[in-house]
Amino acid sequence: MINLLITIIGVLALICLWVLLYDSNRFVVARYRMEDARIKKSCRFVVLADLHNKQYGRNNERLLAAIKECKPDFILVAGDMLTAKPGKSPEAALHFLEALAALYPVYYGNGNHEHRLKLYPSKYGDLGEQYEKALRKMGICLLVNEHVSLPEAGVVIYGSQIDKQYYKRFRVQKMEGDYLESILGRIDRAGYNILIAHNPDYFPQYAEWGADLVLSGHVHGGMVRIPFWGKGVVSPGIRLFPKYDGGLFRQGDSSMLLSRGLGMHTIPIRLFNPAEVLVVDLVPSGEKKTDAGRTDYGDTGKTGSV
């Protein structure tokens, strides 16, 4: 009986190891459709988050090919494309972003890692300034508590950068009711407002501020997801079974699309939790529906629908 139990445990451990290696080197494309009367013209964008210098093939050729296949009108970056670590080069992220910027308009909202580079020059030197300079040279639109209007589509895109206190571990720090308005200004509800907000913990506050669609990352899908239940196990803030772990969430009239991210750092594992690219179709109310679902990209390219 003991030998049988040991054998079963060994087999399960091997299965988990295989899934871990597989999930850590593949990504899926998840598609969503958002409909609103204020949207004047249909458009499609791709959301990228938490790459952390990860590469899918040489110079991220597999990732770039998948994005091209989606035929987006523009790209929205929800932060943490690099990892803030002394001595770690951001070249992998920059090379990929340069390739994207040559093909599409790119709107970039910072995550905590980009913010950290600028906060601690004694630790990172001028890496934050150099990274930002490189992005601007590529023509990427940085949205650091700023916004840009796309009047032909009836869409306004905001990028938020909240203070480091809102990334504390173990608990969610209280956010004052007027904080978002103090950094982003008062929202104009005449347009369809998209908020790039890296930390999803404050979705209720983003909704109260007036965001119609929030795009977040940061949680990496919970790193490990429980099969069949599909719940993420732990957040980067060291909180078990985070409320917001990945997918679509709603709060009143607001929606949040939370990417499970593309890369890893510190504890570099993904188990039952492949990386994720989001494709979002914005359409005027009543327009013909588009396909939704997922496509899986494994080690050698697209492998099928999921």
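Below: a short report on this structure. Just so it is clear, the structure is predicted and the values come from calculations on it, not from any experiment. (Residues numbered from 1 in each chain as written. Predicted model: local features only at pLDDT ≥ 70, side-chain atom pairs only at ≥ 80, totals over all residues. Heavy atoms only, no water.)

**Let's talk about the environment of E98**
Along the chain, E98 turns up in helix α3 (residues 91-101). For E98 and G139, which are 41 residues apart along the polypeptide, the C-alpha to C-alpha distance reads 8.9 Å. (Helix = DSSP H or I, 4+ residues; strand = E, 2+ residues; numbered from the N terminus.)

**What to know about the sheet that holds strand β8 (residues 192-196)**
Judged by pairing direction, the sheet is mixed, and its 6 strands sit side by side in the order β6-β7-β8-β9-β11-β10 without closing on themselves. Pairing within the sheet leaves two strands with one partner each, and these edge strands are β6 (146-150) and β10 (247-251). Neighbour to neighbour, the strand axes of the sheet diverge by 20 degrees on average, direction disregarded. Bridge analysis of strand β9 (residues 213-216) against strand β11 (residues 254-258) gives 4 bridges, and the strand direction is parallel. Along β11, the bridge assignment pairs L213 with S255. (Pairing = 2+ DSSP bridges. Axes fitted to C-alpha atoms, helices over the stretch in contact; angles between N-to-C directions.)

**Brief notes about the pairing of β8**
One face of the sheet, then the other: side chains in a regular strand alternate in exactly this way. In terms of burial, β8 is largely enclosed, as 5 of its 5 residues are buried. On β8, burial covers both faces: Y192, I194 and I196 on one face and N193 and L195 on the other are all buried. The pairing of strand β7 (residues 155-159) with β8 spans 5 bridges and is classified as parallel. Bridged to I157 within β8 is I194. With helix α7 (residues 179-184) bridging β7 and the parallel β8, this β-α-β connection has right-handed handedness. Bridging between β8 and β9 involves 3 bridges; their strand directions are parallel. Of the residues in β9, the one forming a bridge with L195 is V214. Taken together, β8, helix α8 (residues 203-209) and β9 constitute a β-α-β crossover, and its handedness is right-handed. (Buried < 20%, exposed > 50% of the residue type's maximum accessible area, 1.4 Å probe, protein only. Right-handed = clockwise from strand over helix to strand, strands pointing away.)

**Thoughts on the packing of helix α2 (residues 61-70) against α3**
Where α2 meets α3, the closest approach of the two axes is 11 Å, and the angle between their N-to-C directions is 25 degrees. Taken together, the axes of α2 and α3 lie roughly parallel to each other. For the element pair α2 and α3, the recorded crossing hand is right-handed. Touching L63, L64 and I67 of α2 are F96, A99 and L100, all from α3. For the contact of α2 with α3, the residue count by class is 6 nonpolar, no polar and no charged. (Parallel < 35°, antiparallel > 145°, perpendicular 65-115°, else oblique. Left-handed = near helix turned anticlockwise from the far one by under 90°. Contact = heavy atoms within 4.5 Å. Nonpolar A, V, L, I, M, F, W, Y, C, P; charged D, E, K, R; others polar.)

**Here's the deal with the pairing of β10**
In this structure, β10 lies alongside β11, joined through 5 bridges in antiparallel fashion. Within β11, the residue paired with L248 across the bridge is L257. Counted between consecutive antiparallel strands, the loop separating β10 from β11 contains 2 residues, among which G252 sits at a positive phi close to 60 degrees.

**Brief notes about helix α6 (residues 127-137)**
Within the span of α6, buried status applies to G128, Y131 and L135. Looking straight down α6, one finds its buried side chains confined to an arc of 65 degrees; they lie on one side. Structural note: α6 exposes E129, K133 and K137 on the side pointing more than 90 degrees away from its buried face. (Arc of directions from axis to C-beta.)

**A look at the packing of helix α4 (residues 112-119) against α6**
Taken N-terminus to C-terminus, the directions of α4 and α6 make an angle of 125 degrees; their axes are 7 Å apart at the nearest point. By the criterion of interaxial angle, the relationship of α4 to α6 is oblique. Contact residues: E114, L117 and K118 in α4; L127, G128, E129, Y131 and E132 in α6. Here the residues of the contact of α4 with α6 are counted per class, giving 3 nonpolar, 1 polar and 4 charged.

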